[in-house]
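# Analysis of the macromolecular model
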Amino acid sequence: MSRIILFVLCMLAALPAVADLRLKATLIRRSDGTMRLSGKSYSSELELDRLLPATYLHDKSDDLGYGDRYFLDGYVCMDPGTGNPNSPLPDSTWYWGYQDAAQYDAETQTLSFTSSKVMEQQLVDDLSLHVGREQRSFSAEALGLELAGGYVLGQWGGTEVSLELGWLWLPNQQRKLSTHSINGSFWLRQGLRELQQRYVYATYGTGLPPPGHAGTYEGPFDQPPQETNVLIHNRPERVETMGQGNFEPQKEERFFLRNRVQYKIDWQEQELHLALQFRKQLWRNLDCLLAPRLGLRYVRCDVKRRENLIQERKQGKQMLRQWRDNDSGSRLMPGLGLAAALEKQFDNGFFTGFQLALNCYPQQVKFRAGPASLSLRHTTLDCGAVIGFRF
């Protein structure tokens, strides 16, 4: 951009020093219209279910090894040989009993027992989660200085035609923004739940004693029986869940899940324009100007982005994830514009006035920061106060 400015100054210096040269300075207020932040967030791309507290249903009382177990419809306990590696059938027991013939499945030769237990449970309940896109717009305005020089080409039909070269400088601007795209809550509840289970045991025979059999030390067997059809396995073959009772919460707490995205945007602009200026006198020393122009806009931008995914509860906040991004760069944007002005001429060569200029840049300019992008509007509007001198 510095080379372009040097070229403009050299061209102005090369113009003939005649009484057809105007130099002016304009205090400009530029409105860039709307700058727009849009895109996704890192948080929205996560599987948020994995960030929730773990749920569980604990049964600490049974490891499915050798042991004594009592059920709603029977029992299976250890006899003196159960678990003894020197026993002919170390996994067997004759110390058992059942109540209903329907508990025996002759096809699979298994015996089932029903158990009802109260277990500890933790669950995530009433989950409400809204995931959106990052969208935020803001208007950008700045004060700058425009220096321009114009050379009169001639007069046509009472209208003065001149060629103008100008350079606009806008100082560094900064904007801080905060937005979010994740907002949700859930309840974490801990309590007790009744669980009905079916314990399935393998047997050693095709038939069993009738229901009501009780293989206890007191009887009907004072000694281990000789019949194999009264032996079953002491360790269950499998455990099946039949159903769950009502959950009785003992402790509950509400959690909130949200992300916070912060932006720090710094940008600086310069612009070079070449205009064909048409000037006509309205009243004595009051002139009206209309100038179509070609422009070359230079924008340098630095976008810093930080995103935090936060879980909040009564005890405080916990950061689950954090991301940082930074993008900086410069863009050249050719464009077209139209300027209009009213100027008051003084006898000593000075003039003052007011200027309006509308500029349009067809090229879409974007700066990326992680999954989001910052886009600049295609048009700008300049208004300013003019002071200058005609040689």
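Before reading further, recall that the structure is shown in the block above.
Residues numbered from 1 in each chain as written. Predicted model: local features only at pLDDT ≥ 70, side-chain atom pairs only at ≥ 80, totals over all residues. Heavy atoms only, no water.

As a further point, take the overall build of the chain. When helices and strands are counted, the chain shows one helix and 19 strands. Burial statistics for the chain: of 391 residues in total, 45% are counted as buried. Within the chain, residue pairs in contact and separated by at least 24 positions form 81% of the contacts whose partners lie at least 6 positions apart. (Helix = DSSP H or I, 4+ residues; strand = E, 2+ residues; numbered from the N terminus. Buried < 20%, exposed > 50% of the residue type's maximum accessible area, 1.4 Å probe, protein only. Contact = heavy atoms within 4.5 Å.)

Okay, the environment of Tyr 98 next. Looking at where Tyr 98 falls in the secondary structure, it is placed in strand E6 (residues 96-98). In this structure the C-alpha to C-alpha distance between Tyr 98 and Phe 71, which are 27 residues apart in sequence, comes to 9.1 Å.

Further remarks concern the side chain of Gln 268. By secondary structure assignment, the location of Gln 268 is in strand E13 (residues 238-283). By relative accessible area, which is 16% here, Gln 268 ends up buried. Among the polar contacts listed, one links the side chain of Gln 268 to the backbone oxygen of Leu 170, at a separation of 3.1 Å. In contact with Gln 268, other than residues within four places in its own chain, are Trp 169, Leu 170, Pro 171, Asn 172, Tyr 298, Val 299 and Arg 300. (Polar contact = N/O pair within 3.5 Å; in protein donor to acceptor, adjacent residues only side chain to side chain.)

Working note: regular strand, side chains alternate between the two faces of the sheet. Examined bridge by bridge, strand E9 (residues 134-156) and strand E10 (residues 159-179) share eleven bridges and lie antiparallel to one another. Its bridge partner lying in E10, Gly 150 is registered against Glu 164. (Pairing = 2+ DSSP bridges.)

Bringing the sheet that holds E6 into the picture now. Overall, antiparallel pairing links the three strands, which are arranged E3-E4-E6 in an open sheet. The sheet terminates laterally at strand E3 (69-71) and E6, the two strands that pair on one side only. Sheet twist, expressed as the average angle between the axes of neighbouring strands with direction ignored, equals 20°. Pairing analysis gives three bridges linking strand E4 (residues 74-76) to E6, with the strands arranged antiparallel. (Axes fitted to C-alpha atoms, helices over the stretch in contact; angles between N-to-C directions.)

In short, geometric facts, not functional conclusions.
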